[in-house]
Amino acid sequence: MDTGEDIAPIAILMDELRSEDVQLRLNAIHSVPTIALALGPDRAREELVPFLQDSVDDEDEVLLALAEELGRNFEEYIGGKEYAHVLLGPLENLSAVEETLVRDKAAESITKVAAVLSQAQLEEYYIPLLKRLSQGEWFTSRTSSAALYAAVYANVSPAIQDDLRKGFAALGSDDTPMVRRAAAKWLGPLLTHFAPQHVVSDGLPIYRRLQSDDQDSVRLLTVEDLIAIAQRMSPAEVKEQLLKQIRHSIGDKSWRVRYMAANHFNELADAVGAELVREELTGQYVQLLKDNEAEVRTAAAGQIPGFSKLLDKDVILARIVPCVRDLSQDTSQHVRAALANQISGLAPLLGKDSTIEHLLPLFLHLLKDDFPEVRLNIISKLETVNNVIGIELLSETLLPAIVELAEDKSWRVRQAIIEYIPLLANQLGKPFFDEQLGNLCMSWLGDTVFSIREAATVNLKRLTEVFGVEWAKVQIVPKVMGMGQHPNYLFRMTTVQAITTIVPSLDLDIVRSEIIDPLLQLASDPIPNIRFNVSKSLEVLAIAYGGTPAGVEFVQTRIVPPLEQQKNDPDADVRYFAARALQKALAVS
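Bear in mind the structure is a predicted one, so any value in this text is a computation, not a measurement. (Residues numbered from 1 in each chain as written. Predicted model: local features only at pLDDT ≥ 70, side-chain atom pairs only at ≥ 80, totals over all residues. Heavy atoms only, no water.)

1. Here's the deal with the packing of aromatic side chains
- This structure, assessed with the given rule, holds 8 aromatic pairs.
- When the centroid spacing of 5.2 Å and the interplanar angle of 75 degrees are considered together, the rings of Phe265 and Phe307 count as edge-to-face. Placement of the pair is Phe265 in helix α19 (residues 265-272) and Phe307 in helix α22 (residues 304-308), with a sequence separation of 42 residues. Grouping residues by exposure puts Phe265 and Phe307 together as buried.
- Between the aromatic rings of Tyr576 and Phe577, the centroid separation amounts to 5.0 Å while the plane-to-plane angle is 75 degrees, which identifies the pairing as edge-to-face.
- The class of Tyr576 is partly exposed, set by a relative accessible area of 49%. (Phe/Tyr/Trp six-rings, centres within 6.5 Å; stacked < 30°, edge-to-face > 60°. Helix = DSSP H or I, 4+ residues; strand = E, 2+ residues; numbered from the N terminus. Buried < 20%, exposed > 50% of the residue type's maximum accessible area, 1.4 Å probe, protein only.)

Structure, rendered in structure tokens:
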């Protein structure tokens, strides 16, 4: 082979990586696997990897792409797992650059490489790299090193494990807050690999040091470490060793730490055991629900049903329900929205009588909230309450509020109500539904917002499935078809779209007697949009009913001729949809 061709791939890469154009350099990095393949394993190891190791003086996005490529099973291009350690060189350099994204991606790729290294390779190549990064002069390399301990701790000898624990402890008391923050972030994953005695002898001191850090950005990350340690200890050990720290985190002077504690409260409660929940955490949780920062109250409100599952009913009534009552009147809409999303979860825990007495008034109050999201969250979770108190009571107390919301000025609230209607209909029964909600369902077809009109047509289809075809023939079809004569084209359009949606749930007799004639009148509507929607509707009719002899005859006599006519329409869209529908109609007939 000509030597000129032989060196071409790496020469091209060098040229492209020296290009002024960042995009060219990025493309070059993404083509590195192809170049490695062209060079073969030996040359990729001896020439390409050293070249990449020297290429760390570039734009951040190029370095990020390089860090990512080297973590994508790149060892396959350089001779397999036994040579995977060669990749650690360029990745080590990338772990020390200034840009956080690049360092994080490099650390992630190093852990991927570690997964394919043997114990001998780990001890010969990976551990020295880890020590160099952990003791690096710049905080950037020390920060990256924190992420690299957990990946290999379980796969090295006990003597090296001792060194790793000491190395990580040094990161936990580093002078630079960024390094301590990284140590706090990665302590939890590392603890899962510690032997039980080392959790207490080594893990606990590192955690305590970080948990009392003067930077709140470090302390907030220790909440997850606390859960990881608690999961590895018995309830008695938790009480003896961690109670002080639990109190500190929940009562921290920084709201961000309290927010993290509130956000992970259920995990913490699960980890510490029932006795401590009863004695200690219930009081602490109430404290978070009454916190003076809205963000903390929002996070705590999100944990209400999960935490209440761990409590007895009388404790929920005595301690949690009063807080829920206060939160339903909270000044922050976000707190009320979080509460509205979760409050229904208390109903199964409290049972029918207590739900009626304590929660129903709060549901009604939240259903009338000024903020749409609060109302939306309550509506979407009503099913849970219905299972507890029964539909009669629910409809009696909440139906007036639901009817009011059906005309809400926020269309998203109207949409949520529409989606809930079939469920309500199923539980209310026909007579009650027709009397209370029938007209409401039809009024949505004339809504000013398209999404509501669309949701209303789907709603009618679902109602037909609930109440049956005969009900639809009397209650729905005449009203829908009547809108086809409306002077406003949007109402006529809604008729066509409603037919298209509902037709598969009806039967051929109703289509013949009630639907096809008014629909074909709309085929000559002056508005092209309506004409081509009629074509779509005819297509659906043909597919829905073309499977029976009577249906085939119906398609041939009533659907094919108007489509033949529409094929010559002056509007291109109408011609297109008519031709498509005709093709389907002829296929079924």
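2. Considering helix α11 (residues 158-172)
- Spanning 15 residues, α11 covers 21 Å between terminal C-alpha atoms, matching the ideal 21 Å at 1.5 Å per step.
- Listed in full, the buried residues belonging to α11 are Ile160, Gln161, Leu164, Arg165, Gly167, Phe168, Leu171 and Gly172. All buried residues of α11 project into a common sector of 165 degrees when viewed along the axis, lining one side. Pointing more than 90 degrees away from the buried face of α11 are the exposed residues Ala159 and Lys166.
- Turning to α11, the residues buried within the fold contact α8 (119-134), α9 (139-145), α10 (149-152), α12 (177-191) and α13 (196-211). (Expected span 1.5 Å × (residues − 1). Arc of directions from axis to C-beta. Contact = heavy atoms within 4.5 Å.)

3. With respect to the packing of helix α37 (residues 528-545) against helix α39 (residues 572-588)
- Relative to each other, α37 and α39 sit at 10 degrees, their axes nearing to 9 Å. As the angle between them shows, α37 and α39 are arranged roughly parallel. Residues Pro528, Arg531, Phe532, Ser535, Lys536, Glu539, Ala542 and Ile543 of α37 form the contact with α39, whose participating residues are Asp573, Val574, Phe577, Ala578, Arg580, Ala581, Lys584, Ala585 and Val588. (Axes fitted to C-alpha atoms, helices over the stretch in contact; angles between N-to-C directions. Parallel < 35°, antiparallel > 145°, perpendicular 65-115°, else oblique.)

Note that all results are geometric; they support no functional claim without further evidence.
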